[in-house]
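Residue-level structure breakdown
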Amino acid sequence: MKTFLMCKPGYFEVSYVINPWMAGNQGRVNKRLAAQQWENLYDVLSRKALIRLIEPVKGLPDMVFTANGGLVCRDHEVIVSSFRHPQRQAESPYFSKFFEDSGYRVMRLGGDIKFEGAGDALYDSNGQVWVGYGHRSDVEAINEIAALFHAPVNGLHLVDPRWYHLDTAFCPLEHGCAIAYAKAFSPHSVNKIKNAFGDRIIWVADEDASNFACNAVNIGHDIILNKASDELKTALNKNNFNVIEVDVSEFIKAGGACKCLTLEL
Ligand code: ARG
């Protein structure tokens, strides 16, 4: 059974702007609705996976997006994030402490290399690692992660500020499938995805991308996401996947959705 780390939205709010989705949304989160939406996601996920919780911290509104806490490797090892923006940097010690207390070997990338964890690093079903760079994580993170993993890492260049983390525009699925939004990537990176996934890649349309359909949690045949068009649902059904929509509109005001609210342990 998969295990995910989540963080209750106790102090969730949009109180600064570090991505285009947050612009105009400062102080605009409906906190009761956010709490309800988070509980709905928790309920859906806890029927299919184990959930562990990290305590929210006052003054760290984005800590709810646990995907950015770090990247978990096999055998209880984790690379804890080095956040790009000062507004999120104070989260790292709390994630480190969580992992240390849970018996993980805690690592960090060297020097001043920025890396935002599972928000920018995704495993495909063959165990290959894909790292997004260009906005939050540095391109130098790729070689560092490859060295730590003793395995090749595929870099993907993110070119549009709206798709600032890899998990906003790309989601490897089971059985060698994936969903992705082409406009988020450089032409070279689009080709890399095409070459790796062949006819098992589903390219999403603008509307699905804007609804954070690529920010999905895949558990077996189920794909949990904010919202998908009929077209995308049909394409996923054809590949034997079942879509479960969980409305997380309040979190989209901060630029995150279902996948960002989880970190696979
Ligand atoms: N407001 C947060 C930020 O800009 C949202 C993070 C979303 N997380 C993710 N894994 N895409 O950092």
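Going along each chain's sequence as written, the residues are numbered from 1 onward. With the structure being a predicted model, the display of local features is reserved for residues of pLDDT at least 70 and the display and counting of side-chain atom pairs for 80 or more, all residues being used for whole-chain, interface and lining totals. The side-chain quantities take in all heavy atoms of the structure and omit both hydrogens and water.

Quick word on the overall build of the protein
Helical segments are the DSSP runs of H or I of at least four residues, strand segments are the runs of E of at least two, and each set is numbered from the N terminus. Scanning the protein from terminus to terminus reveals eight helices and 15 strands. The quantity called the radius of gyration is restricted to C-alpha atoms. Its globule counterpart is 2.2 Å times the number of residues to the power 0.38. Whereas a compact globule of 265 residues would reach a radius of gyration of roughly 18 Å, the protein reaches 17 Å, a difference of no more than 12%. Summarising its shape, the C-alpha atoms of the protein cover approximately 45 × 40 × 35 Å along the three principal directions. The buried label goes to any residue with under 20% of its type's maximum accessible area, the exposed label to any with over 50%, and the partly exposed label to all in between, with areas taken from a 1.4 Å probe on protein chains only. Burial analysis of the protein (265 residues in total) assigns 57% to the buried set. Only the protein chains shown count as cover for residues, and all accessible areas are computed by the Shrake-Rupley method using a 1.4 Å probe. When the accessible surface of the protein is totalled, it reaches about 11,300 Å², and 48% of it is carbon and sulfur. Two residue types count as positive, namely Lys and Arg, and two as negative, namely Asp and Glu; His and chain ends fall outside the count. Working definition for charges: the position is that of NZ of Lys, CZ of Arg, CG of Asp or CD of Glu. Computed over 27 positive and 31 negative side-chain charges, the inter-centroid distance for the protein is 2 Å.

Some remarks on unusual backbone geometry
The phi dihedral of His76 falls on the positive side, at around 55°, and the residue is not glycine. Position of His76 relative to the elements: it lies in the loop between β3 (70-73) and β4 (77-80). Taking relative accessible area as the criterion, His76 reaches 43% and is therefore assigned partly exposed. Located in the positive-phi region is Phe212, a residue other than glycine, with phi close to 60°. Examined against the element boundaries, Phe212 turns out to sit in the loop between α6 (206-210) and β12 (217-219).

Observations concerning the packing of aromatic side chains
By convention, a stacked pair of Phe, Tyr or Trp rings (six-membered ring in the case of Trp) has centres within 6.5 Å and planes under 30 degrees apart, an edge-to-face pair has planes over 60 apart, and any other such pair is tilted. By the definition in use, this model includes 15 aromatic pairs. Ring geometry for Trp130 and Phe170: centres 5.6 Å apart, planes at 65°, overall edge-to-face. A residue pair is termed long-range when its members are at least 10 positions apart, and Trp130 in strand β7 (residues 129-133) and Phe170 in strand β9 (residues 170-172) qualify at 40 residues. For the residue pair Trp130 and Phe170, the accessibility class agrees, reading buried in each case. Seen from their ring centres, Trp163 and Phe212 are 6.3 Å apart, and the 55° between their planes marks the pair as tilted. Remark: Phe212 occurs in the loop between α6 and β12 and Trp163 occurs in the loop between β8 (153-157) and β9; sequence separation between them is 49 residues. The same class applies to Trp163 as to Phe212, namely buried. Pairwise contacts between aromatic rings join Trp21, Trp163, Tyr181 and Phe212 into one cluster.

A short note on the nonpolar core
Nonpolar cores are built from buried Ala, Val, Leu, Ile, Met, Phe, Trp, Tyr and Cys residues. Side-chain atoms within 4.5 Å join them into one set. Residues Phe170, Phe185, Ile224, Leu236 and Phe251 are the most contacted members of the largest nonpolar core, which totals 66 residues. The element best represented in this core is helix α1 (residues 31-46), accounting for five residues. Beyond its immediate stretch of four places on either side in the chain, Phe170 contacts Leu122, Trp130, Leu156, Ala178, Ile179, Ala180, Phe185, Ile193, Phe197 and Cys214. Met63, Ile79, Tyr104 and Leu109 belong to the second-largest nonpolar core, a separate cluster that totals 32 residues. Residues count as neighbours in contact if any of their non-hydrogen atoms are within 4.5 Å of one another.

Quick word on helix α5 (residues 187-197)
Taken as a whole, α5 has its buried residues at Ser189, Val190, Ile193 and Phe197. Along α5, the residues classed as buried sweep out an arc of 105° about the axis, all on the same side. α5 presents Pro187, His188 and Asn195 as exposed residues on the side facing more than 90 degrees away from its buried surface. Buried residues along α5 sit against β7, β8, β9, β10 (178-180) and β11 (201-203). Looking one or two residues beyond α5, the residue adopting positive phi is Gly198, at roughly 55°. Each direction from the helix axis to a C-beta atom contributes to the arc, which is the arc of those directions.

Observations concerning the environment of Leu225
Among the secondary structure elements, Leu225 is positioned in strand β13 (residues 222-225). Along the sequence, Leu225 and Lys31 sit 194 residues apart, while their C-alpha atoms lie 20 Å from each other.

Topic: the site of the ligand
For this purpose, a residue is taken to be near a molecule or strand whenever a single non-hydrogen atom of the residue falls within 4 Å of it. Not every one of the 17 residues close to the ligand is listed here, only the nearest: Asn19, Arg88, Arg136, Asp167 and Ala254. For the ligand, a nitrogen atom lies 2.9 Å from a polar atom in the side chain of Asp62. Asn68 is positioned such that a nitrogen or oxygen atom in its side chain is 2.9 Å from a nitrogen atom of the ligand. For the ligand, whose free accessible area comes to 350 Å², the fraction covered by protein is 100%. Any residue that is not Ala, Val, Leu, Ile, Met, Phe, Trp, Tyr, Cys, Pro, Asp, Glu, Lys or Arg is counted as polar, Gly included; the first ten are nonpolar and the last four charged. For the shell around the ligand, the per-class residue count stands at seven nonpolar, six polar and four charged. Here a polar contact is recorded for every N or O atom pair within 3.5 Å, except that within protein the pair must consist of a potential hydrogen donor and a potential acceptor, and residues adjacent in sequence are included only if both atoms are side-chain atoms.

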